[in-house]
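# Architecture and fold: a report
Spelled out, the chains give:
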Amino acid sequence: MKLIISKHNLGLWAASYICARWNKRTKEPFVLGLPTGGTVEDMYAALCGLVKNGKMSFKDIVTFNMDEYVGLPPEHDQSYHYYMKHNLFDHVDAQPQNVHILNGMASDLNAECQAYEAAIKQAGGIDLFLGGVGRNGHLAFNEPGSAFTSRTRVMELTPSTRKANSRFFGGDENKVPAKALTVGIGTVLDAQELLFLASGTSKADAVAYLAHGEISENWPITALRTHPRATLLVDPEAASALAGTVKEQYQQALASQPDKDVILTL
Ligand code: GLP
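Just so we're clear, the structure is a prediction, and the values are computed from it rather than from any experiment. (Residues numbered from 1 in each chain as written. Predicted model: local features only at pLDDT ≥ 70, side-chain atom pairs only at ≥ 80, totals over all residues. Heavy atoms only, no water.)

When you go through the protein residue by residue, the secondary structure sums to eight helices and 11 strands. Computed over C-alpha atoms, the radius of gyration of the protein comes to 18 Å, within 12% of the 18 Å expected from 2.2 N^0.38 for 266 residues, which places it in the range of a compact globule. If you line up the protein on its principal axes, its C-alpha atoms span 55 × 45 × 35 Å. Each of the 266 residues in the protein was classed as buried or not, and the buried ones make up 52%. Look at the contacts in the protein between residues 6 or more apart in sequence, and 78% of them connect residues 24 or more apart. Taking the 24 positively charged and 28 negatively charged side chains of the protein as two groups, their mean positions are separated by 4 Å. (Helix = DSSP H or I, 4+ residues; strand = E, 2+ residues; numbered from the N terminus. Rg over C-alpha atoms; globule rule 2.2 N^0.38 Å. Buried < 20%, exposed > 50% of the residue type's maximum accessible area, 1.4 Å probe, protein only. Contact = heavy atoms within 4.5 Å. Lys, Arg positive; Asp, Glu negative; His and termini not counted. Charge placed at Lys NZ, Arg CZ, Asp CG, Glu CD.)

Of note, K179 is situated in strand β8 (residues 179–182). By relative accessible area, K179 is classed as partly exposed at 38%. Each C-alpha atom of the pair K179 and M155 lies 5.6 Å from the other, and the pair is 24 residues apart in sequence. Once residues lying within four places of it in the same chain are set aside, the contact partners of K179 are Y69, V70, V154, M155, E156 and L157.

This brings us to the sheet that holds β8. Spatial strand order, β4-β8-β7: three strands in an open sheet with antiparallel pairing. The open sheet has two free edges, formed respectively by β4 (67–69) and β7 (153–156), since each of these has just one partner strand. Here the average twist between neighbouring strands, direction ignored, is 30°. Relative to the sheet, helix α4 (residues 109–122) contacts β7 and β8, its axis offset from that of β7 by approximately 125°. (Pairing = 2+ DSSP bridges. Axes fitted to C-alpha atoms, helices over the stretch in contact; angles between N-to-C directions.)

A few words on the site of the ligand. Taken together, 14 residues form the shell around the ligand, and within it G38, T39, D67, R167 and K203 come nearest. Residue T39 places a side-chain N or O atom 2.4 Å away from an oxygen atom belonging to the ligand. Within the backbone of A140, one N or O atom sits 3.4 Å away from a nitrogen atom of the ligand. The protein chains hide 95% of the 390 Å² of surface that the ligand would expose on its own. Of the residues contributing to the shell around the ligand, the split by class is five nonpolar, six polar and three charged. (Near = heavy atom within 4 Å. Polar contact = N/O pair within 3.5 Å; in protein donor to acceptor, adjacent residues only side chain to side chain. Areas by Shrake-Rupley, 256 points an atom, 1.4 Å probe, with all protein chains shown as cover. Nonpolar A, V, L, I, M, F, W, Y, C, P; charged D, E, K, R; others polar.)

Our next topic: the side chain of T231. Position of T231 relative to the elements: it lies in strand β10 (residues 230–234). Using a relative accessible area of 10% as the deciding quantity, one classes T231 as buried. Once you skip the residues sitting within four places of it in the chain, T231 turns out to touch M1, K2, I4, L194, L195 and F196.

Looking now at the pattern of salt bridges. This model, assessed by the stated rule, comprises seven salt bridges. Salt-bridge contacts for R21 lead to E193; the nearest nitrogen and oxygen are separated by 2.7 Å. Placement of R21 in helix α1 (residues 10–23) and of E193 in strand β9 (residues 193–198) is noted, with a sequence separation of 172 residues between them. Since its relative accessible area comes to 14%, R21 is described here as buried. Two residues, K27 and D127, come together in a salt bridge whose shortest N-O distance is 2.8 Å. Placement of the pair is K27 in the loop between α1 and β2 (30–34) and D127 in the loop between α4 and β6 (128–131), with a sequence separation of 100 residues. The class for D127 is buried, based on a relative accessible area of 8%. The structure contains a network of salt bridges with shared partners spanning R21, E193 and R229. (Salt bridge = Lys/Arg side-chain N within 4 Å of Asp/Glu carboxyl O.)

By themselves, these are just geometric observations and shouldn't be taken as functional.
As structure tokens, then:
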């Protein structure tokens, strides 16, 4: 996999990459896996700009979001339905029938998860899965210990994730739902290509573990290393805990071309 450390705006970087991949699409529909979270807000703003300027269209793009809280209705301002509507879908030309977000209000959550897997298959699989990274290395809502073969399912959130996400719930971790629906790590790994983003020092441990640690289900982020076309794009703060030879390679690359992205192979 590639670890790219960039001083440029990660959101702009990712949006330009999505646009380039969409322009080079080899099959219809082009299918995107989409995340939520603070890290990717700039990416959505940049994608809206690209669509507004006629550089990209969502008309024929099919999307699948990674996850959703259980028990939050779509109009709740912390639901991922709400996030996607306000950050992307209100501003682009996506067709409603092409947009898929797990329904955390479904009466039968397991059936909802199975139907989601079937819908991904029916769309021909995901071409490019975008994602963020949790502070504890979680991917989507796959908490530490999730099998790399896991599929879409109900997940109990860890205290650490509820604490991290409480910043969106007025600082009260008890207001963060205890459960979520999430695509599995196996669902993510089935995509043709992965582009994950991590920014800020709060992600530095997870990035360092990815670079130096063993591939382990205790660190879901390390699943990226098992995929043939995975990239983790990080800012210098998220790269600040790198050590050993990876750190040396990073510093050497920076010293020779300080303004360029550093691309490391892990
Ligand atoms: C949540 C989401 C993840 C996301 C993570 C990081 O837990 N379920 O998909 O990657 O938060 O979010 P942020 O970018 O806000 O740090």
